Amino acid sequence: LLPIAGSAAQRLVPTLLRRTDGNLRGVTLALMAVGETRGLWLALVTLAIALGVIPTGLGIAALAVIITVAGTVSTIGGANLQAWFGAILPEPERRFVAPRVMGMTLGVGAVILVPAALLVQVLGTTTGVLVYAFIFLIGGSAGLLELSALARLPRPGRARVAPAATPVRPAPELDRFVRIITIAAFGSGFGPYLSIYAISVLHQPASFAILLTALGGGASLVTSTIVGGWLAGGSSSRLLRASFLLRGGSMLLALLALPADPASAVVLCVVSVVVSAGGAAGTIAANERLLRLVGRDELFVAQGRYVAGTATGTTGGQLLQAGLLAVAPLGYVP
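Scoring rules and cut-offs
The residue numbers shown here count from 1 along each chain, following its written sequence. Under the rules for a predicted model, residues below a pLDDT of 70 receive no local features and side-chain atom pairs below 80 are neither given nor counted, while totals for whole chains, interfaces and linings still include all residues. Processing note: side-chain calculations cover all non-hydrogen atoms of the structure and skip hydrogens and water entirely. Patches here: salt-bridge-free residues with over 30% relative accessible area, like charges joined within 9 Å, nonpolar side chains (Val, Leu, Ile, Met, Phe, Trp, Tyr) joined within 5 Å. Note that accessible areas follow from Shrake-Rupley with a 1.4 Å probe, and for residues the cover is restricted to the protein chains shown. Between Lys or Arg on one side and Asp or Glu on the other, a salt bridge is scored when a side-chain nitrogen of the former is within 4 Å of a carboxyl oxygen of the latter. Counted as positive: Lys and Arg. Counted as negative: Asp and Glu. His and the chain ends are not counted at all. Taken as the charge location is NZ of Lys, CZ of Arg, CG of Asp or CD of Glu. Helix and strand labels come from DSSP, where a helix needs a run of H or I of at least four residues and a strand needs a run of E of at least two; each type is numbered from the N terminus. Pairing of aromatic rings covers Phe, Tyr and the six-membered ring of Trp, with a centre-to-centre limit of 6.5 Å; geometry is then stacked below 30 degrees between planes, edge-to-face above 60, and tilted otherwise. Residue exposure (1.4 Å probe, protein chains only): buried if accessible area is under 20% of the type maximum, exposed if over 50%, otherwise partly exposed. We call two residues in contact when some of their heavy atoms are within 4.5 Å. Fitting a line to C-alpha atoms yields each axis, with helices limited to the stretch in contact; the angle taken between N-to-C directions then spans 0 to 180 degrees. Should an angle fall under 35 degrees it is taken as roughly parallel, and over 145 as roughly antiparallel, whereas 65 to 115 is taken as roughly perpendicular and any remaining angle as oblique. Crossing handedness is read from the near helix: turned anticlockwise from the far helix by less than a right angle, it gives a left-handed crossing, and turned clockwise, a right-handed one. Note on residue classes: Ala, Val, Leu, Ile, Met, Phe, Trp, Tyr, Cys and Pro are nonpolar, Asp, Glu, Lys and Arg are charged, and everything else, Gly too, is polar.

## A word on a positive patch on the surface
(1) Moving on: A grouping of Arg176, Arg179, Arg238 and Arg241 is seen on the molecular surface, where their side chains present a positively charged patch.
(2) Moving on: Among the secondary structure elements, those contributing two or more residues to the positive patch are helix H8 (172–190) and helix H11 (236–253).
(3) Moving on: Among the structural elements, arginine 241 can be located in helix H11.

Structure (structure tokens):
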């Protein structure tokens with residue numbers, strides 16, 4: 001919940017760019033440097049917990065702070081990357097490259113998560129949390145490679161941002177788009193976390209929860225590749241509506257994951273694939289729709305509204321979900 005809520009700070013990006021004379025590259029690299037090295041800090045804290053250097057409760061609090069800060073700035077930095085791609089690539093190439101970069105990122109994550117799940121399954125009972133420190137270390141090292149690659153991208157030049165005192169033009173289509181995205185994000189936030197359900201209700205091991213994430217990453221990779229090519233000449237609005245149906249339908253399918261059903265784990269795997277495919281398609285379609293609605297000078301302000309709307313909707317949905325689970329015995333009876 002906290003990293004998603006914090007991503008509403010995307011609305012501060014236009015101010016940052018004005019104060020740095022439009023230095024999009026510097027602002028983005030600074031944000032990504034904080035966010036993409038989080039694996040190193042998570043590994044350090046996890047190792048301290050495993051060795052008894054700090055109490056478990058304090059360690060959990062430290063992990064929460066790291067995830068909150070790093071997750072927030074990674075989301076903001078990722079949104080800035082879309083603008084960076086738009087500045088250095090001709091429009092047809094941007095529509096081809098940007099979705100595939102997102103898909104490749106998720107695909108690499110899926111490839112890494114499969115052996116991670118095996119490590120947790122095999123070594124978790126003997127090494128305890130030390131195995132997680134090792135996995136976090138690998139993730140942090142990969143983040144350093146990513147930063148090196150980003151630094152080699154062509155410079156995007158100075159980002160043009162309208163002065164703060166400039167009157168905002170009425171934009172009914174943008175207002176409607178942000179409202180729809182906020183409502184959809186609320187529904188997405190209200191959806192349950194499959195990994196928590198798998199562990200707490202179906203009593204699956206932690207490695208299964210990691211496998212669910214890996215399956216979702218693989219589905220996002222395939223979807224991003226297909227959608228990126230289709231959007232070059234297709235309707236972003238139609239694709240966005242289709243993504244809503246995929247995500248909503250997958251939650252209905254999840255009702256079949258009954259605790260007493262031996263096939264419930266398979267059902268969750270299918271749901272993870274479908275909801276991730278819908279999420280990837282929705283993210284790409286929403287970003288494309290935003291770029292088609294606004295001009296370059298208005299992009300960062302509009303992007304701030306879009307990310308803030310997504311953060312507000314998702315946060316509201318997750319708070320309501322958590323509240324209902326806390327006060328009412330909702331769900332299947334074990």
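## Quick notes on the packing of aromatic side chains
(1) Moving on: All told, the structure shown has one aromatic pair when counted by the stated rule.
(2) Moving on: Centre to centre, the rings of phenylalanine 177 and tyrosine 306 are 5.9 Å apart; their planes meet at 20 degrees, and the pair counts as stacked. With phenylalanine 177 in helix H8 and tyrosine 306 in helix H13 (residues 299–327), this pair connects stretches of sequence that are 129 residues apart. The burial state of phenylalanine 177 is the same as that of tyrosine 306; both residues are buried.

## Quick look at the side chain of serine 250
(1) Moving on: Within the secondary structure, serine 250 sits in helix H11.
(2) Moving on: Those residues in contact with serine 250 that lie beyond four places of it in its chain are Val271, Val274 and Val275.

## Thoughts on a nonpolar patch on the surface
(1) Moving on: A cluster of nonpolar side chains, Leu47, Leu51, Val53 and Leu130, forms an exposed patch at the surface whose accessible area comes to about 370 Å².
(2) Moving on: In this fold, leucine 51 is placed in the loop between helix H4 (38–50) and helix H5 (56–88).
(3) Moving on: According to the relative accessible area criterion, leucine 51 is exposed, its value standing at 59%.

## Notes on the packing of H8 against H13
(1) Moving on: Two elements in contact, H8 and H13, have axes separated by 7 Å at closest approach and are oriented at 30 degrees. Put simply, H8 runs roughly parallel to H13. Of the two elements, H8 crosses H13, and the hand of that crossing is right-handed.
(2) Moving on: Looking at the contact of H8 with H13 residue by residue, the class counts come to eleven nonpolar, ten polar and two charged.

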